[in-house]
Amino acid sequence: MQLLRNILILLWRIWFYILMGIPILIMFPLLLVLSSTEKLYPQFFVVARFWAKIVLYGSGFIPRVTKEESVDRKKSYMFVANHASMTDIMLMLYCVKNPFVFVGKKELAKIPVFGFFYKRTCILVDRNSQRSRKEVFDRAQARLHDGTSICIFPEGGVPDDESIVLDQFKDGAFRLAIDHQIPILPLAFFDNKKRFSYTFFSGGPGIMRARILKAIPTKGLTQEQKKELREQTRDTILSTLESEPRNS
């Protein structure tokens, strides 16, 4: 039975990656145009949200989003969430209608097809390079000046130990939010690790719950309060994750 289960999971995971690529190949000319300039990014973002829905529903994931606060379409935010799965990217796109740019690790740019547009539209960071981190900060500053929101998974990566509910947060998202006096908008993803973790022979279709939490204002805050803001945000997400019953 375990062998049969592993074969089914293998086929299902292969289908997930195929599903990531097929819509991109079909829409390649359109995506190439929309990713050619930052002025067209809002239109690219609309297509990216459509792609995310195809991948989620096509893989058998059923998003369920609850909101403690409505997102103001006219505001810029710093979107942050717990990071446990590749599907965090799709679920974030599903949850948020405000155009935002991901700040993410450069390794994802190596994924065939997906990585081509990921590299063209996201801000990539090499976490082993101090120069890269500085360049990322400058690029994120520029996008925020244009009124585009930013999304950062502040754990800095998916913890190798899957028993960790929420790893420690890094400073970048909170430094940027304070610099631009934009609110932090935390999200909690409850089921992504269970549905599609980095343990290959695991997971399966089912409900994916997300909650958009109350925005945390940064008006009047200075960089001296960055640590407090970081820990307040982490505590908010962690307490939400721990208070929610596990999904079957």
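Structure first, text after, so check above.
As the structure is a computational prediction, the values presented were derived from the model and not from experiment.

A. View of the overall build of the chain. Broken down by element type, the chain carries 9 helices and 7 strands. In terms of overall dimensions, the chain has C-alpha extents of about 60 × 45 × 35 Å along its principal axes. Expressed as a percentage of the 248 residues in the chain, the buried residues total 52%. Pairs at least 24 apart in sequence give 74% of the contacts found in the chain among residues at least 6 apart. Accessible area for the chain stands at about 12,500 Å²; split by element, carbon and sulfur atoms hold 57% of it.

B. Local environment of the sheet that holds strand S7 (residues 206-212). A sheet is described by the order of its strands in space; here 7 strands give the open sequence S1-S7-S6-S2-S5-S3-S4, paired in mixed fashion. Looking at which strands have only one partner, the edges of the open sheet turn out to be strand S1 (61-67) and strand S4 (123-125). Between one strand axis and the next, the sheet turns through 25 degrees on average, direction left out of account. Bridge count for strand S2 (residues 78-81) against strand S6 (residues 184-189) is 4 bridges, and the pairing is parallel. By the bridge assignment, Ala81 is partnered in S6 with Leu187. Against the sheet, helix H7 (residues 172-180) contacts S2, strand S5 (149-152) and S6, and its axis sits at roughly 160 degrees relative to S2.

C. Quick peek at the nonpolar core. In this structure, Met78, Phe79 and Met92 are the most contacted members of the largest nonpolar core, which totals 78 residues. Broken down by element, this core gets its largest block of residues, 9 residues, from helix H3 (residues 41-58). Excluding residues that lie within four positions of it along the chain, Met78 makes contacts with Ile150, Ile152, Ala173, Leu176, Ala177, Ile182, Pro183, Ile184 and Leu185.

D. Structural view of a positive patch on the surface. A cluster of like positive charges, contributed by Lys53, Lys67, Arg73 and Lys97, occupies part of the molecular surface. Within the secondary structure, Arg73 is located in the loop between S1 and S2. Classification of Arg73 by relative accessible area gives exposed; the value is 56%.

E. Region of interest: the environment of Glu107. For Glu107, the location among the structural elements is in the loop between strand S3 (100-105) and helix H5 (114-121). As for Glu107 and Lys119, which are separated by 12 residues in sequence, their C-alpha atoms are 9.9 Å apart.

F. Molecular detail of the pattern of salt bridges. Applying the stated criterion to the full structure yields 4 salt bridges. We note a salt bridge from Arg143 to Glu38, for which the minimum N-O separation is 3.8 Å. A residue pair is termed long-range when its members are at least 10 positions apart, and Arg143 in helix H6 (residues 130-145) and Glu38 in the loop between helix H2 (28-34) and H3 qualify at 105 residues. Judged by its relative accessible area of 6%, Arg143 falls in the buried class. By relative accessible area, which is 46% here, Glu38 ends up partly exposed. For the salt bridge of Glu231 with Arg230, the shortest nitrogen-to-oxygen distance reads 2.9 Å. Judged by relative accessible area, Glu231 falls into the partly exposed class, the value being 23%. One salt-bridge network, held together by shared partners, links Asp171, Arg230 and Glu231.

What counts and what doesn't
- Residues numbered from 1 in each chain as written.
- Predicted model: local features only at pLDDT ≥ 70, side-chain atom pairs only at ≥ 80, totals over all residues.
- Heavy atoms only, no water.
- Helix = DSSP H or I, 4+ residues; strand = E, 2+ residues; numbered from the N terminus.
- Buried < 20%, exposed > 50% of the residue type's maximum accessible area, 1.4 Å probe, protein only.
- Contact = heavy atoms within 4.5 Å.
- Areas by Shrake-Rupley, 256 points an atom, 1.4 Å probe, with all protein chains shown as cover.
- Pairing = 2+ DSSP bridges.
- Axes fitted to C-alpha atoms, helices over the stretch in contact; angles between N-to-C directions.
- Core = buried A, V, L, I, M, F, W, Y, C linked by side-chain atoms within 4.5 Å.
- Patch = residues over 30% accessible without salt bridge, like charges linked within 9 Å, V, L, I, M, F, W, Y side chains within 5 Å.
- Salt bridge = Lys/Arg side-chain N within 4 Å of Asp/Glu carboxyl O.
- Lys, Arg positive; Asp, Glu negative; His and termini not counted.
- Charge placed at Lys NZ, Arg CZ, Asp CG, Glu CD.

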